[in-house]
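Chains, contacts and geometry: an overview
Each chain is listed here by its residues.
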Amino acid sequence: AQKVTQAQTEISVVEKEDVTLDCVYETRDTTYYLFWYKQPPSGELVFLIRRNSFDEQNEISGRYSWNFQKSTSSFNFTITASQVVDSAVYFCALSEAWETSGSRLTFGEGTQLTVNP
Amino acid sequence: ETGVTQTPRHLVMGMTNKKSLKCEQHLGHNAMYWYKQSAKKPLELMFVYSLEERVENNSVPSRFSPECPNSSHLFLHLHTLQPEDSALYLCASSRGWATGGDTDTQYFGPGTRLTVL
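Residues numbered from 1 in each chain as written. Chains lettered and ligands numbered in written order. Predicted model: local features only at pLDDT ≥ 70, side-chain atom pairs only at ≥ 80, totals over all residues. Heavy atoms only, no water.

**Section: the sheet that holds strand E1 (residues 4-7) of chain B**
Residues and elements named next belong to chain B. Spatial strand order, E1-E3-E8-E7: four strands in an open sheet with antiparallel pairing. In this open sheet, the two edge strands, each paired with only one partner strand, are E1 and strand E7 (64-70). Within the sheet, the average angular offset between the axes of one strand and its neighbour, ignoring direction, is 20 degrees. Two strands pair when backbone bridges link them, and E7 and strand E8 (residues 73-79) are joined in this way by five bridges, in the antiparallel orientation. Along E8, the bridge assignment pairs Phe64 with Leu78. (Pairing = 2+ DSSP bridges. Helix = DSSP H or I, 4+ residues; strand = E, 2+ residues; numbered from the N terminus. Axes fitted to C-alpha atoms, helices over the stretch in contact; angles between N-to-C directions.)

Laid out in structure tokens, this is it:
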């Protein structure tokens, strides 16, 4: 069975600080996909990134960066120079490879990030 | 309009009422999903539709009845709900198939905040 653990329930930082959100996953599949979603107070889950299990390259997108390490089954997310608008709940999710009828996501419990001015 | 939309955004209903939640996607996707998000719990997948056919029902009580008349619309019909059914109900859509070993990404609507009195 798949499992995603986000051990940090809540994180509070001051604006301009860097912050890392941890995600640890469990799966017996050799092919799988990892995702990060952002859920602002409005409720909508916003897709941030998808990474497949064969690609361990780290990725940077503006102030966001992701560190995927298969050896430790982790897919951590770092926000550099955080801003108040980054305040949201962040979800890590895992999906097996799925060839028909859509994907099946297993979500972590989310990390509530609060960035204070 | 683009993306995934949901109406209504907020709903308050009594235990004996019948109401429906509506989801519409403008992304040309073939798979649609209903999720339930309760406080302090991970997102729970309720139903999956692929090409208008229900392909998954995760042991959801019969008081929740989904309907997918076409690939762009998904409904969740509610009747005789319980107070514990109060939650944020999220709809998502995805391309619905994987190609070349890739998986597909789910895109979410803003959700309907349901309160059952």
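Resuming the write-up.
**Side note on unusual backbone geometry**
Note: most residues except glycine have negative phi, and most peptide bonds are trans. Here Thr7 of chain B and Pro8 of chain B are connected by a cis peptide whose omega angle stands at -10 degrees. Note that Pro8 of chain B resides in the loop between E1 and strand E2 (10-13). Of note, the phi angle at Ala81 of chain A is positive, near 50 degrees, even though the residue is not glycine. Looking at the element boundaries, Ala81 of chain A is found in the loop between strand E9 (74-79) and strand E10 (88-96).

**With respect to the packing of aromatic side chains**
Throughout the structure, instances matching the rule amount to 20 aromatic pairs over all chains. When the ring of Tyr64 of chain A is compared with that of Trp66 of chain A, the centres are 6.0 Å apart and the planes differ by 85 degrees; the resulting orientation is edge-to-face. The same class applies to Tyr64 of chain A as to Trp66 of chain A, namely buried. Through successive ring pairs, a cluster of aromatic residues spans Phe35, Tyr37, Phe47, Phe91 and Phe107 of chain A together with Tyr33, Tyr35, Tyr107 and Phe108 of chain B. (Phe/Tyr/Trp six-rings, centres within 6.5 Å; stacked < 30°, edge-to-face > 60°. Buried < 20%, exposed > 50% of the residue type's maximum accessible area, 1.4 Å probe, protein only.)

**Here we look at the state of the cysteines**
Residues and elements named next belong to chain A. Enumeration over the complete set of coordinates arrives at two disulfides over all chains. Paired through a disulfide, Cys23 and Cys92 show a sulfur-sulfur distance of 2.0 Å. Note on the Cys23 and Cys92 pair: the S-S dihedral is about -65 degrees, so by sign convention the disulfide is left-handed. With Cys23 in the loop between strand E3 (19-21) and strand E4 (24-26) and Cys92 in strand E10, the pair connects residues that are 69 residues apart, well separated along the chain. For the pair formed by Cys23 and Cys92, the shared burial category is buried. (Disulfide = S-S within 2.5 Å.)

**Side note on the pattern of salt bridges**
Residues and elements named next belong to chain A. Summed over the entire model, instances satisfying the criterion amount to five salt bridges over all chains. Arg51 serves as the salt-bridge partner of Asp55, at 2.9 Å between the closest nitrogen and oxygen. The class for Asp55 is partly exposed, based on a relative accessible area of 24%. Classification of Arg51 by relative accessible area gives buried; the value is 6%. In this structure, Arg51 engages Glu59 in a salt bridge whose closest nitrogen and oxygen atoms are separated by 2.6 Å. Counted as one network, the salt bridges with shared partners bring together Arg51, Asp55 and Glu59. (Salt bridge = Lys/Arg side-chain N within 4 Å of Asp/Glu carboxyl O.)

**Observations regarding the interface of chain B and chain A**
Listed as interface residues are 28 residues of chain B and, on the opposing side, 25 residues of chain A. The interface formed by chain B and chain A holds one salt bridge in total. A salt bridge links Glu56 of chain B to Arg104 of chain A; its shortest N-O distance comes to 2.6 Å. In this assembly, chain B and chain A are joined by five residue pairs in polar contact (both at pLDDT 80 or more). Every element with two or more residues in the side of chain B that touches chain A is listed here: strand E4 (31-37), strand E5 (44-50), strand E6 (53-57), strand E9 (87-94) and strand E10 (107-108) of chain B. Per-element tally for the side of chain B that touches chain A: the top contributor is E4 of chain B, with four residues. Split into classes, the residues belonging to the side of chain B that touches chain A amount to 15 nonpolar, nine polar and four charged. (Contact = heavy atoms within 4.5 Å. Polar contact = N/O pair within 3.5 Å; in protein donor to acceptor, adjacent residues only side chain to side chain. Nonpolar A, V, L, I, M, F, W, Y, C, P; charged D, E, K, R; others polar.)

**What to know about the side chain of His73 of chain B**
All names here are of chain B. Among the secondary structure elements, His73 is positioned in strand E8. Polar side-chain contacts of His73 include one of 3.4 Å to the side chain of Glu24. In this structure the side chain of His73 is engaged in a polar contact, spanning 2.9 Å, whose partner is the side chain of Asn70. What His73 contacts, discounting residues up to four positions off in sequence, is Lys22, Cys23, Glu24, Met32, Glu67 and Cys68.

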